[in-house]
Every structure is written in structure tokens, then in C-alpha cells.
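# Summary of the model geometry
If you want the building blocks of each chain, they are given just below.
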Amino acid sequence: MSYQALYRKFRPNTFEEVKGQDHIVTTLKNQIKAERIGHAFLFCGTRGTGKTSVAKILARAVNCENPVDGSPCGECETCKANEGGVAPNIIEMDAASNNGVDDVRQIIEEIQYSPTVGKYTVYIIDEVHMLSGPAFNALLKTLEEPPAYVIFILATTEPHKIPVTILSRCQRYDFKRISIETIVDRLKELMDKEGISVDDKALRYIAKAADGSMRDALSLLDQCIAFYTDQELTYEKVLEVLGAVDQEVFSRLTRCIIQGDVANSMKILDEVVIKGRELSQFVNDFIWYLRNLMLVKGSEDAMEVIDAPMERIEALKQESEMIDTESVMRYIRVLSETSAQIKYSDQKRVLLEIALIKLNTPAMENDYESIVNRISVLENKIESGNIKVEAPVRRANAEVISNGNPVPEEPADEPAPEPVEEDPVEKAVPEDVQYVADNWNMVLNKMNPLEKANFKKVSLAVKGEDTLLIVFGPDDIMYDHCNTIEVIEMVNTIIREQVKKDVQVEMTQMKPNQDDNYFQMITSKINLDIEEEDF
């Protein structure tokens, strides 16, 4: 007899053998026991969670002459007639390859005839979301009001693609991902039946790699057993067959990245490549490891949020104290981008090396997470003593050693130069102030073009003994800009350099309709000709 794959050999035959879907199994069994069976069912869920298996059990159970607690008895003539995959009243159709309106019309024609065996004719349509629009329309009326002896069971992994009109006519059952514990228990049970020795750690890794799919778990286990025929299947052997990497490698790599150690990160990657590990799987597993690290950092009870042995959780707790959450999120983001690119690349190793350099060098990016990561790296280096700030060391030969590098020293004994005292400037008298007003152009010529424009339409007056009053017109918008300490000091300096006298400067602005004689003008309003090229 030819070999039969484990997932086919151990396909459930009764509701009791279905694992991880108790909420669905209980409901269906109660319907059968109460004889309140619906006419259309929709089974939704990810691959390998038991949709098709439960559909076949239900199809046999509704036709069983003596159901046992809602499950087919396997002893009656109807059950025997349905054994071996040949059932005259159970019709299976794969909508992926039979998705046209003609295929649905054929079903509609067939249901006109009552079953020759059993009470019901059951149509199981797998991957029903692949039906075309016209095919769904053709099925709609029949699905709503089928003959009393017809039951439809639709199965799909993508219920969002099914028209609402179809969804509303079915009882919907959502199949959950099967837990790791449930998969491990089932694999142990089957390995005992097969007489094969497999260690618990190996089964746990296979269950985790299956990602909630019992069928995937059985397929992976089948693959590992075939490679190591007649040998005990250990954790190391499973890693070898599946091209996976032990969690200890991710721990070492994470610690290198936290320290910004590019060289050792590359050495670890080289070890992975030499062992022939699959790099796409490596990236995905590393992302999962970092996800666990993030959850450990954010949760007080890590055992409840991640599935890992206690020694691995303890290592994750140590690493979580070395890094902040933002940095872990950055690592996950960079690796997720790499995972999307690496699937279609011929240079997987190069892409992964670039990603590791990014992770080790947050300065390459300027987003918030990268800046936080850079600060975290510096803090770790300072705490570990990798960054040392040394005070300058003085040598007898007038050299200073700073951080190991000689720096020429300035002569220590040379006295500082004495401050040069400037000659005092005489205080201006009214005649000096009038001289500045009469010769205002000499002040303006020392200003830049923009400063000249600010003083284009001003009037000048003498105030007191030594003050030049600069008067702006009532509508001159430059007054507020010019009446500042900086501008006044600039005008004072120019006047002092030109007349060698200390003339004080004050600025004011006339009020509307104010008489010019109020300021005792000594000059008429100055309209200076400022050449265009000055601007």
C-alpha cells in the first residue's frame, strides 16, 4: 500500500476528533441531536483549521441513521456507504477551478432529484470566494430556498470577498487558529500511535511554525520524520530540516545591535548563512523574537502574553532592560521592510546585511524612533565604559594629551596683554549737534543702503545741550524698527567716528496735525536723494 501523508491519514472522522474548535463542534452536534439543521452553512477561517474536515463530518452526521452524540456512528449502512471518500449524496466542488456560472447551473439541475442514499444531499463548495459574480447570482435563489433534502456547506479563507446577499443566507462559523498547546498534544498523540520518538521541544517548535494550522503542523512533522527515518527526532534536527535558527542566535544578535556592534552582528549572520539557514525565514523569526521582546518590556506577566520557555523569557527580560520600546519598534519596522523586499531579491544576504547596518547605526535615519535609539545606544556605551572622557594631561615638554592625541599647548607663562585704554571723547555742545544736523549726509553715507532708506524722510532738531532728536513723520512706518537700542547705538557710533564728539541720539514720532515748530526745527525736512544703485 502506498504511503499516506499524516494529515490525510489522521483526518478527523468524528466531531470528538476535531481539535481546537469546540465552539463550532458543540453547536453543530446540538443541531443534529435536536434535529434543527440549517440548510446553508458558511465555514470561515485560515488554512488548516478544520473547515473541510468538519464539513465532511457534518455531511455524514446528518445522513447517519444512528448518530452518537451528534457524530456519525460509522456502523450504519449510510455511514459505510460514505466511507473511503466515495459518497453518492455528498458532492464536493472546488470553486477555485469550477467558478463559472455553468458549474452552478449544473448544481441547480442536480438538486431537482432527491438522494438515493440517506436523507440529505450535501454540497460542499470549497474556496467559495473564488466564484464569479454571475455564479454567485445564479446560486443566490437556490441558496435561499433549496429543496428540503439539500444542504449547502460553503468554506472559505476570505469571507470578505463573498457578497453580502450570500452571507445573509448562511449560518456563519468562524474557525479559530489552533493554539500551540492543542497542536502539541495532538502531535504527541499521533506520534505515540505511529511509534515514533520525538522530543517535546521539537514538537513545540513545529507547532509554533505551523502558525495555528493543524494541517501545516502535520506536514512539517511529516517532512522532518522523512529526513530522519528510524531516528529520534530532536529539536536540533527539526531546525536543520526546516532551515530555522535557534532562539539563542537571536538573543546574541539583539545584544550586539543594542551595543551598536556591527562587526559581531555580521559574524552572527555569517554563521547563519554557513549553516544553510533560509534567510527569509530568519528575518521573519527575528521579527517574532523582537515582538516577544517588546511584549516582555510592556507586560509585567510575560508568561501570559508570549509562548516561550522560562529560560528564554528570563533572557528577554534582561534584554528588555537594555533598550527602550521605541528602539524595538524601529527594529521591527526595518526588518518588516526587509522581509517584504527579500522575497523577490536574488541578493538576500546583501539586503539583510544592509538591514543589520541600519539597526546598528540609528544615525542613518532621522525619524523619532531612530533619535531615541541613538540616545539609548550612547547611554549604553557610557554605562558600559566604552566611551571615556579624559581630562587633558599636562607634560613637562609643554604638550597636552587629550584622548590619546597630543595637542600643542599655548605658552603658559606669557602675560596677558594689557587692555588698551582709548582716549576719552569730548561731550558735544549744541553747536556740535547742529553741525551733525547740517551735515547729516556724512552720517548716512556710512550706513548700508537699507539703513539709509529707513532714515529717508526724517526731520532733525537739537534737544538740550548734547542730544540730536530724529523726528519721524506721523505716517512713517519705519519708526518702530529704528527706535531700538541697536539702531540708536549704530547711529551714535557713526557720529562719534565722524565728529569725534559724544552726541546723544533720541528718536520720536510726530502726532497727526502736530506743528513742526514744536520741535524748533533748525533744518527743514530733509529729502535726501538716495540713488537707486544703493539698493
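Predicted, not measured: the structure shown is a model, and the values here were computed from it.

Rules used in this analysis
- Residues numbered from 1 in each chain as written.
- Predicted model: local features only at pLDDT ≥ 70, side-chain atom pairs only at ≥ 80, totals over all residues.
- Heavy atoms only, no water.
- Helix = DSSP H or I, 4+ residues; strand = E, 2+ residues; numbered from the N terminus.
- Buried < 20%, exposed > 50% of the residue type's maximum accessible area, 1.4 Å probe, protein only.
- Contact = heavy atoms within 4.5 Å.
- Pairing = 2+ DSSP bridges.
- Axes fitted to C-alpha atoms, helices over the stretch in contact; angles between N-to-C directions.
- pLDDT = per-residue confidence, 0-100.
- 1 Å grid on protein atoms, 1.4 Å probe; cavity = no way out; pocket = protein on both sides within 12 Å on 5 of 7 lines; lining within 4 Å.
- Points joined across faces, edges and corners; volume = space filled by probe spheres on them.
- Phe/Tyr/Trp six-rings, centres within 6.5 Å; stacked < 30°, edge-to-face > 60°.
- Lys NZ or Arg CZ within 6 Å of the ring centre and 35° of its normal.
- Core = buried A, V, L, I, M, F, W, Y, C linked by side-chain atoms within 4.5 Å.
- Salt bridge = Lys/Arg side-chain N within 4 Å of Asp/Glu carboxyl O.
- Expected span 1.5 Å × (residues − 1).

All right, on to the overall build of the protein then. When helices and strands are counted, the protein shows 23 helices and 13 strands. By the burial criterion, 42% of the 535 residues in the protein qualify as buried. A sequence separation of at least 24 residues applies to 72% of the contacts in the protein between residues at least 6 apart.

We now examine the sheet that holds strand β11 (residues 467-472). Strand order in the open sheet formed by three strands is β10-β11-β13, with mixed pairing between adjacent strands. Every interior strand has two partners, whereas the edge strands, β10 (458-463) and β13 (504-509), have only one. Across the sheet, the axes of successive neighbouring strands diverge by a mean angle of 25 degrees, strand direction being ignored. As judged from the six bridges shared by β11 and β13, these two strands associate in the parallel manner. Along β13, the bridge assignment pairs Thr467 with Gln504. Relative to the sheet, helix α19 (residues 430-438) contacts β10 and β11, its axis offset from that of β11 by approximately 35 degrees. Together, β11 and β13 form the strand contacts of helix α23 (residues 485-499), whose direction differs from that of β13 by roughly 135 degrees.

Confidence in the prediction of the protein, expressed as mean pLDDT, is 81, and 82% of residues score 70 or more. For residues 390-404, every residue scores under 50 in pLDDT, and the model assigns this stretch 22 contacts once sequence neighbours within four places are set aside. Counting interchain partners and residues more than four positions distant, the pLDDT-below-50 stretch residues 520-535 has 35 contacts.

Roughly 540 Å³ of volume is contained in the second largest pocket. What lines the second largest pocket is a set of 22 residues, and nearest its centre among them are Ile180, Lys208, Ala209, Asp211 and Trp288. Broken down by secondary-structure element, the contributors of at least two residues to the lining of the second largest pocket are α8 (180-194), α9 (200-209) and α14 (279-298). Ranked by residue count, the leading element in the lining of the second largest pocket is α14, at six residues.

Using the criterion set out here, one finds 14 aromatic pairs in the structure. With a centroid separation of 5.9 Å and 80 degrees between ring planes, the pair formed by Phe43 and Tyr173 is classed as edge-to-face. On the criterion of sequence distance, the pair formed by Phe43 in strand β1 (residues 40-44) and Tyr173 in strand β5 (residues 171-174) is long-range, its members being 130 residues apart. A relative accessible area of 0% places Phe43 in the buried class. Taking the centre distance of 5.6 Å and the plane angle of 65 degrees together, the rings of Phe472 and Tyr479 count as edge-to-face. You can call Tyr479 buried: its relative accessible area is 15%. The rings of Phe41, Phe43, Tyr173 and Phe175 are connected pair by pair, giving a single aromatic cluster. The aromatic ring of Tyr235 is capped on one face by Lys201, whose charged end is 4.3 Å from the ring centroid. Geometry around Trp288 places Arg291 over its ring, the cationic atom sitting 4.6 Å from the centre.

This part is about the nonpolar core. Formed by 33 residues in total, the largest nonpolar core has its most connected members in Phe286 and Leu290. Elements with a minimum of two residues in this core: α12 (247-258), α13 (262-274), α14, α15 (310-320), α16 (325-342) and α17 (348-360). With nine residues, α14 is the single largest residue contributor to this core. Excluding anything up to four places from it in sequence, Leu290 contacts Thr254, Val328, Tyr331, Ile332 and Leu335.

Attention now goes to the environment of Ser197. Its place among the elements puts Ser197 in the loop between α8 and α9. Look at Ser197 and you get partly exposed, because its relative accessible area is 41%. Along the chain, Ser197 and Leu233 lie 36 residues apart, while their C-alpha atoms are 6.3 Å from each other. When near neighbours in sequence (up to four residues on either side) are disregarded, Ser197 contacts Gln231, Glu232 and Leu233.

Let's shift gears to the pattern of salt bridges. Using the criterion set out here, one finds 25 salt bridges in the structure. One salt bridge connects Glu181 with Arg204, and the closest N-O pair in it is separated by 3.2 Å. In this pair, Glu181 is assigned in helix α8 and Arg204 in helix α9, connecting sequence segments 23 residues apart. Residue classification places Glu181 among the partly exposed positions, given a relative accessible area of 41%. In this structure Arg204 comes out as partly exposed when scored by relative accessible area, which is 30%. What emerges from the salt-bridge pattern is a single network uniting Glu16, Lys29, Lys33 and Asp69.

Pairing is parallel across the open sheet formed by five strands, whose spatial order is β2-β3-β4-β1-β5. Each edge of the sheet is formed by a strand with only one pairing partner; in this case those strands are β2 (90-94) and β5. Geometrically, the sheet is characterised by an average inter-axis angle of 15 degrees between neighbouring strands, direction not taken into account. One ladder, built from five bridges, connects β2 with strand β3 (residues 121-126); its direction is parallel. Across the sheet, residue Ile90 finds its bridge partner in β3, namely Val122. Relative to β5, helix α2 (residues 22-34) is tilted by about 145 degrees, and along the sheet it contacts β1 and β5.

With that settled, the discussion passes to the environment of Glu232. Along the polypeptide, Glu232 turns up in the loop between α10 (214-227) and α11 (235-242). Between the alpha carbons of Glu232 and Ser197 there is a distance of 5.0 Å; along the sequence they are 35 residues apart.

This part takes up α8. For α8, with 15 residues, the first-to-last C-alpha span of 21 Å sits near the 21 Å given by 1.5 Å per residue. Contacts made by the buried residues of α8 are with α1 (6-9), α9 and α10. Just downstream of α8, Gly195 is the residue with a positive phi angle, here 70 degrees.

Our next topic: the pairing of β11. Side-chain direction in a regular strand flips from residue to residue, so the side chains alternate between the two faces of the sheet. Within β11, six of the six residues are buried, leaving the element largely enclosed by the surrounding structure. Judged by which residues are buried, β11 turns out to be covered on both faces: Thr467, Leu469 and Val471 on one side and Leu468, Ile470 and Phe472 on the other are all buried. Looking at chain direction, β10 and β11 are connected through six bridges and run antiparallel. Across the sheet, the residue bridging to Val458 is Phe472, located in β11. A loop of three residues connects β10 with β11, the two strands running antiparallel in sequence, and Gly464 in this loop sits at a positive phi of about 65 degrees.

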